[in-house]
Amino acid sequence: MSKKTDSNLYTVLFAIGMVLVVGALLAFTASSLRPMIDGNKRIEKQQNILYAMGVNENDETSITFVSKDKVADIFTKYIKKQIIIEGTNVTENDKAYLIDVKKQQTLAKEGQTRKLPLFIGEKEGKTFYIAPIRGKGLWDAIWGYIAMDKNMVVQGVFFDHKGETPGLGANIKQRYFMDDFAGEDLMKDGVFTGIKVAKGNNDPKNQDKNDNEVDAIAGATITGDGVSAMIKSELVQYVPYFKTLK
């Protein structure tokens, strides 16, 4: 006589039980780790925002963020105001950095009004306006933070990616690429133009800050095009707000 454990019913019930147990364990683990995960996301966003406006611990060549144990206090010190732009409405909100840009892009595609976070910082007597942006690279998402003055002249940037090719597209987060954006004008003759990552750029040393171009990364044309498109499609939405500053 076969054992009860050899029956199909036993196998099905055992499988269901295991699924329930493992599912419960995973749910509990995810719930337990959620505060830590959210905290790390907050720290990373604050570090990136500060980096874009030039608050970091870099030396001449490195990329070094404000340390995790200091970032909350330093963020409060330099970021004087956080605002949310929603259509023609502008409101202050000290949790603007928690807005999920990807979700807001999806809402906009569905015809809903998108929330645009903007961070206003002050450093050494200068005012910085830092906007988060998100786009598509060669393989997956790319994103960044652009710090501007009131005339939409770039003061600094930070870029990152999810899965661009190491040594090629992944180099959008290297100093030699990001530093080129400082001083570039997003406007041309009063019209928003953006900044093109140009393969045939005639200014490889990036001395011309009024050509709306920076030099491309060799072998990373599609990623560079993604950065260009991201800057143009995302930052043009902030133009109405910047016009109110003049």
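For the structure itself, consult the block above.
About the cut-offs
The numbers attached to residues start from 1 for each chain and follow its sequence in the written order. Where totals are concerned, whole chains, interfaces and linings use all residues; where local detail is concerned, this predicted model gives features only for residues with pLDDT of at least 70, and gives and counts side-chain atom pairs only at 80 or more. Side-chain measures were taken over the full set of non-hydrogen atoms in the model, leaving aside hydrogen atoms and water. Where helices and strands are cited, they refer to DSSP runs of H or I of at least four residues and of E of at least two residues respectively, numbered from the N terminus. Radius of gyration: C-alpha atoms only; globule rule: 2.2 Å multiplied by the number of residues to the exponent 0.38. Each residue's exposure class comes from its accessible area (1.4 Å probe, protein chains only) as a fraction of the maximum for that residue type: buried when under 20%, exposed when over 50%, partly exposed otherwise. Using a 1.4 Å probe, accessible areas were evaluated by the Shrake-Rupley method; residue-level cover was limited to the displayed protein chains. Residues scored as positive are Lys and Arg, those scored as negative are Asp and Glu, and His as well as the terminal groups of each chain are ignored. Every charge is mapped to an atom, namely NZ of Lys, CZ of Arg, CG of Asp or CD of Glu. In this analysis, strands are considered paired if DSSP registers two or more bridges between them. In this analysis, rings of Phe, Tyr and Trp, with Trp reduced to its six-membered ring, are considered paired at centre separations within 6.5 Å, and the interplanar angle assigns stacked below 30 degrees, edge-to-face beyond 60, and tilted for intermediate values. Every case where a carboxyl oxygen of Asp or Glu lies within 4 Å of a side-chain nitrogen of Lys or Arg is listed as a salt bridge.

Visitor: Whenever I open this one, the overall build of the chain confuses me. Can you help?
Guide: In terms of regular secondary structure, the chain is built from six helices and ten strands. Taken over the C-alpha trace, the chain has a radius of gyration of 23 Å; the compact-globule value for 246 residues is 18 Å, which it surpasses by more than 25%. For the chain, the spread of C-alpha atoms along the principal axes amounts to about 90 × 40 × 40 Å. Going through the 246 residues of the chain one by one, you find that 40% of them count as buried. When the accessible area of the chain is evaluated, it comes to approximately 14200 Å², of which 55% is carbon and sulfur surface. Averaging the locations of the 33 positively and 31 negatively charged side chains of the chain gives two centres separated by 6 Å.

Visitor: Would you explain the pairing of strand E4 (residues 126-136) in this entry?
Guide: Both faces of the sheet carry side chains from a regular strand, because those side chains alternate between them. Two elements, strand E3 (residues 115-123) and E4, share five bridges in a ladder whose sense is antiparallel. Counted as the bridge partner of Lys123 is Lys126 from E4. Linking two consecutive strands that pair antiparallel, namely E3 and E4, is a turn of two residues; a positive phi of about 50° is found at Glu124 within it. Sheet analysis places E4 next to strand E5 (residues 141-148), joined by eight bridges and oriented antiparallel. Its bridge partner being in E5, Ile130 is matched across the sheet by Ala147. Turn length for the E4-E5 hairpin, with the two strands adjacent in sequence and antiparallel, is four residues.

Visitor: What should I look at first to understand the packing of aromatic side chains in this one?
Guide: Aromatic rings considered in pairs are described by the distance between their centres and by the relative angle of their planes. All chains considered together, the criterion is met by nine aromatic pairs. Their ring planes at 70° and their centres at 5.5 Å tell us that Tyr129 and Phe242 sit as a pair that is edge-to-face. On the criterion of sequence distance, the pair formed by Tyr129 in strand E4 and Phe242 in helix H6 (residues 239-243) is long-range, its members being 113 residues apart. For Tyr129, a relative accessible area of 11% translates into the label buried. The class for Phe242 is buried, based on a relative accessible area of 2%. Summarising the aromatic geometry, the rings of Phe177 and Phe181 are spaced 5.2 Å apart at their centres and angled 75° between planes, so their arrangement reads as edge-to-face. Summarising the burial analysis for this pair, Phe177 and Phe181 share the class buried. Among the aromatic residues, those joined into a ring-pair cluster are Tyr51, Phe65 and Phe158.

Visitor: I tried to follow the pattern of salt bridges on my own but got confused; where do I start?
Guide: Side-chain pairing between opposite charges can occur once the charged atoms of the two side chains come close. Overall, the coordinates contain four salt bridges when judged by the stated rule. Glu234 serves as the salt-bridge partner of Arg114, at 2.8 Å between the closest nitrogen and oxygen. Placement of the pair is Arg114 in the loop between helix H3 (101-109) and E3 and Glu234 in helix H5 (residues 221-235), with a sequence separation of 120 residues. Here the two residues Arg114 and Glu234 agree in accessibility, since each one is buried. The closest approach of N and O atoms between Asp160 and Lys173, which form a salt bridge, is 3.3 Å. With Asp160 in strand E6 (residues 154-161) and Lys173 in the loop between E6 and helix H4 (175-178), this residue pair connects regions lying 13 residues apart in the sequence. Lys173 sits in the partly exposed class, given a relative accessible area of 28%.

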